[in-house]
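What follows is the residue order along each chain.
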Amino acid sequence: MEPWDVVIIGGGILGTSVSYWLGNQYKGRIAVLEREQDVAMHTSRRNTGVVHRPFYLDPVKRRIFARCSQAAYGMWKSYAKERNLAWDPVTTLEVATRPEDLKRIEKYYHWGIENGMGEDELEVLSAEDVRKLEPHVRGYGAIWSKTDTSVDYHAFTKSLRADAESEGVKFLTGVDVGSFKVDRDSLQILPRSGGEPIPARFLINCAGGSSLRIAHMLRLGTEYCDLNFRGEYWEIADEWTYLATRNIYTVAQHPELPFLDPHWIVRADGRREIGPNAVPVAGPYTYHGFFRTPAEAVKKIFEQPISNKLALLYNRDFLELAGQEWLSSISKGEMARRAQEFIPELKVEYLARPGIAGVRAQVIDRRGNFIKEAIELEGPHSYHITNYNSPGATGSPAFAAWLVNKLGQSDRLSHLRRRMVRGSFWDFKTISEQIG
Ligand SMILES: Cc1cc2nc3c(=O)[nH]c(=O)nc-3n(C[C@H](O)[C@H](O)[C@H](O)COP(=O)(O)OP(=O)(O)OC[C@H]3O[C@@H](n4cnc5c(N)ncnc54)[C@H](O)[C@@H]3O)c2cc1C
């Protein structure tokens, strides 16, 4: 088989966005390999569906995610309009549940402005203002982000796949990448089920929860390990959805592990959910139970490098959390109790049924630290993106433009021919420069 010029592993929102920009900017044989039968079957559909504005992202420590999230807001807004996709600007209140959180609310306001949000898009509210805006929500104050929007990222990814296909990209679904054979000038990609190897001149790994494992196969990123946390949500019964009409988040109590704090979500189709808890599970696709097979659990525990996991025993935030919250957070009663801190009227019986559960693959370094930004790893024929976590769905078209531009500038795509300036619903040059 003639080698593909570029193969992208993973048809999630990131791999699909990268494929769109590659097809739009370069001439060549470009393929996306996806193990499922369709795109966005994992985290890119099992998320909370919020287009996050970057008021809560530290402009220095989370620079790339903050910039991507800022740049992508306008991109998704115009895209949703053009493709007739749901776009519901429900807005977000991030509430101070303790008096000491008010300082952070002020900080968020300044971060938002520093990250490029307009002064009219953010407002600091007193406890009284919160009550006026959302009569059933309580807090010492809040920041109101007036342009946070609810969308359906599964629909966004499917639509973007069609756009990538019209740029000449091929999506090969049902191909589960199992291993590699490295040649001098290319890679042979070996499907897990056997069959013909797939030759590629250059590989971009966007395999989400499997991305670190794939990088390890090529002996890259071996200083990192990852842990999987399932975030579970509960859907609120219809008659109680009036309790809040906006997304309600709370100021993170564990700033190092912000994905654990409870929130109330208004979905694009009007459903309300509360969550998440964070259950440690054995794999990125463990949506029920703790592990799919006992072997999977053992494999995860002893996966290399073990020393990173041992170093976690010195991470105070992690230990405190493991001690206090994990076991109790699994219960429906505990989930309701956590939400009562900001919606006191909420009762456990209002939680009608389990909502969507998604798994976060969190990368940990040698010191047992949870890495916050995405990690890029570079090999002779490959480039890998791992730890691409929230707000990754929001930022994906901007992150992907920045990545494709960077790969082009560093000659990693020199075997492809650049297309003449082409039209797109987005402006490649402006966006990629905005991030860099
Ligand atoms: C609970 C939860 C809520 C979230 N909420 C939000 C939110 O509201 N807003 C936001 O911006 N972000 C949110 N995020 C983060 C966001 O969803 C992710 O950053 C984003 O979806 C990651 O996209 P991805 O393409 O990297 O990964 P994925 O969507 O997981 O895609 C990776 C793809 O690779 C494929 N794959 C893996 N291994 C192989 C292999 N060996 N061979 C072939 N294919 C393979 C998988 O099948 C999958 O389709 C949330 C995350 C979680 C966990």
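Since this is a predicted model, take the numbers as computed values, not measurements.

**Student:** Give me the site of the ligand: which residues, what numbers.
**Tutor:** The environment of the ligand is formed by 39 residues, the closest being Glu34, Ser44, Thr48, Val50 and Thr394. Here Glu34 contributes a side-chain N or O atom positioned 2.6 Å from an oxygen atom of the ligand. Contacts to the ligand include Thr43, whose side-chain N or O atom sits 3.2 Å from an oxygen atom. In isolation the ligand exposes 1000 Å². Once the protein is present, 96% of that is buried.

**Student:** Got a sec to walk through the sheet that holds strand 12 (residues 198-200)? Specific residues and values, please.
**Tutor:** Strand order in the open sheet formed by three strands is 10-11-12, with antiparallel pairing between adjacent strands. Only two strands of the sheet have a single partner each, and these edge strands are strand 10 (177-182) and strand 12. Neighbouring strand axes in the sheet, compared pairwise and without regard to direction, differ in orientation by 30 degrees on average. Strand direction decides the pairing type here: strand 10 and strand 11 (residues 187-191), joined by five bridges, are antiparallel. Each residue of the ladder has a partner; that of Val182, found in strand 11, is Leu187.

**Student:** Explain the nonpolar core to me, and be specific about the residues and the numbers.
**Tutor:** Among the nonpolar cores identified, the biggest contains 55 residues, and Val18, Trp21, Leu22 and Ile204 are the most heavily contacted of them. Taken together, the elements giving at least two residues each to this core come down to strand 1 (6-9), helix 1 (13-25), strand 3 (30-34), helix 2 (63-83), helix 5 (153-166), strand 23 (382-386), helix 12 (392-409) and helix 13 (428-435). The contacts of Val18, once residues within four sequence positions are left out, are Ile8, Ile204, Cys206, Ala400, Leu403 and Val404. Counting 24 residues, the second-largest nonpolar core is a separate cluster that includes Leu93, Ile274, Ala339 and Tyr350.

**Student:** Account for the packing of helix 2 against helix 12, with residues named and values stated.
**Tutor:** When two helices pack together, their arrangement is captured by the angle between the axes and the distance separating the axes. Packing of helix 2 against helix 12 leaves a shortest axis separation of 7 Å and a crossing angle of 95 degrees. Viewed along their axes, helix 2 and helix 12 adopt a mutual orientation that is roughly perpendicular. The residues of helix 12 that touch helix 2, namely those facing Ile64, Phe65, Cys68, Ser69, Ala71, Ala72, Met75 and Trp76, are Gly392, Ala393, Thr394, Gly395, Ser396, Pro397, Ala398, Phe399 and Trp402. For the contact of helix 2 with helix 12, the class distribution of residues is 12 nonpolar, five polar and no charged.

**Student:** Let's hear about the pattern of salt bridges: which residues, and what values?
**Tutor:** Evaluation of the coordinates by the stated rule reveals 24 salt bridges. Measuring nitrogen to oxygen at the nearest pair gives 3.3 Å for the salt bridge that ties Arg267 to Glu273. We classify Glu273 as buried; its relative accessible area is 0%. Here Arg412 ties to Glu378 by a salt bridge, and the two come within 2.7 Å at their closest N and O atoms. A residue pair is termed long-range when its members are at least 10 positions apart, and Arg412 in the loop between helix 12 and strand 24 (417-418) and Glu378 in strand 22 (residues 375-378) qualify at 34 residues.

**Student:** I'd love a proper account of the packing of aromatic side chains, names of residues and values included.
**Tutor:** Evaluated as defined, the whole model comprises 24 aromatic pairs. Measuring from ring centre to ring centre gives 4.9 Å for Phe425 and Trp426, while their planes differ by 85 degrees; the resulting arrangement is edge-to-face. We classify Phe425 as partly exposed; its relative accessible area is 22%. Judged by relative accessible area, Trp426 falls into the buried class, the value being 6%. Ring pairs connect the aromatic residues Tyr20, Trp21, Trp76, Tyr79, Tyr153, Phe156, Phe425, Trp426 and Phe428, which therefore count as one cluster. The cationic tip of Arg29 hangs over the ring face of Trp4; the distance from NZ or CZ to the ring centre is 4.3 Å. If you follow Arg35 out to its NZ or CZ, it ends over the ring of Tyr285, 4.0 Å from the centre.

**Student:** So, helix 12: which residues are in play, and what are the values?
**Tutor:** The principal kink in helix 12, of about 40 degrees, is found at Ala398. In terms of burial, helix 12 is a largely internal element, 15 of the 18 residues being buried.

**Student:** Can you lay out the sheet that holds strand 6 (residues 122-126) for me, pointing to particular residues and giving the numbers?
**Tutor:** Overall, mixed pairing links the eight strands, which are arranged 6-7-5-16-17-18-15-20 in an open sheet. Among the strands making up the open sheet, the edge pair consists of strand 6 and strand 20 (351-354). Sheet twist, expressed as the average angle between the axes of neighbouring strands with direction ignored, equals 25 degrees. Pairing geometry for strand 17 (residues 263-266) and strand 18 (residues 272-275), over four bridges, is antiparallel.

What counts, and where the lines are drawn
- Residues numbered from 1 in each chain as written.
- Predicted model: local features only at pLDDT ≥ 70, side-chain atom pairs only at ≥ 80, totals over all residues.
- Heavy atoms only, no water.
- Near = heavy atom within 4 Å.
- Polar contact = N/O pair within 3.5 Å; in protein donor to acceptor, adjacent residues only side chain to side chain.
- Areas by Shrake-Rupley, 256 points an atom, 1.4 Å probe, with all protein chains shown as cover.
- Pairing = 2+ DSSP bridges.
- Helix = DSSP H or I, 4+ residues; strand = E, 2+ residues; numbered from the N terminus.
- Axes fitted to C-alpha atoms, helices over the stretch in contact; angles between N-to-C directions.
- Core = buried A, V, L, I, M, F, W, Y, C linked by side-chain atoms within 4.5 Å.
- Buried < 20%, exposed > 50% of the residue type's maximum accessible area, 1.4 Å probe, protein only.
- Contact = heavy atoms within 4.5 Å.
- Parallel < 35°, antiparallel > 145°, perpendicular 65-115°, else oblique.
- Nonpolar A, V, L, I, M, F, W, Y, C, P; charged D, E, K, R; others polar.
- Salt bridge = Lys/Arg side-chain N within 4 Å of Asp/Glu carboxyl O.
- Phe/Tyr/Trp six-rings, centres within 6.5 Å; stacked < 30°, edge-to-face > 60°.
- Lys NZ or Arg CZ within 6 Å of the ring centre and 35° of its normal.
- Bend = angle between axes of the 7 residues up to and from the residue.

Keep in mind these numbers describe shape, not what the thing actually does.
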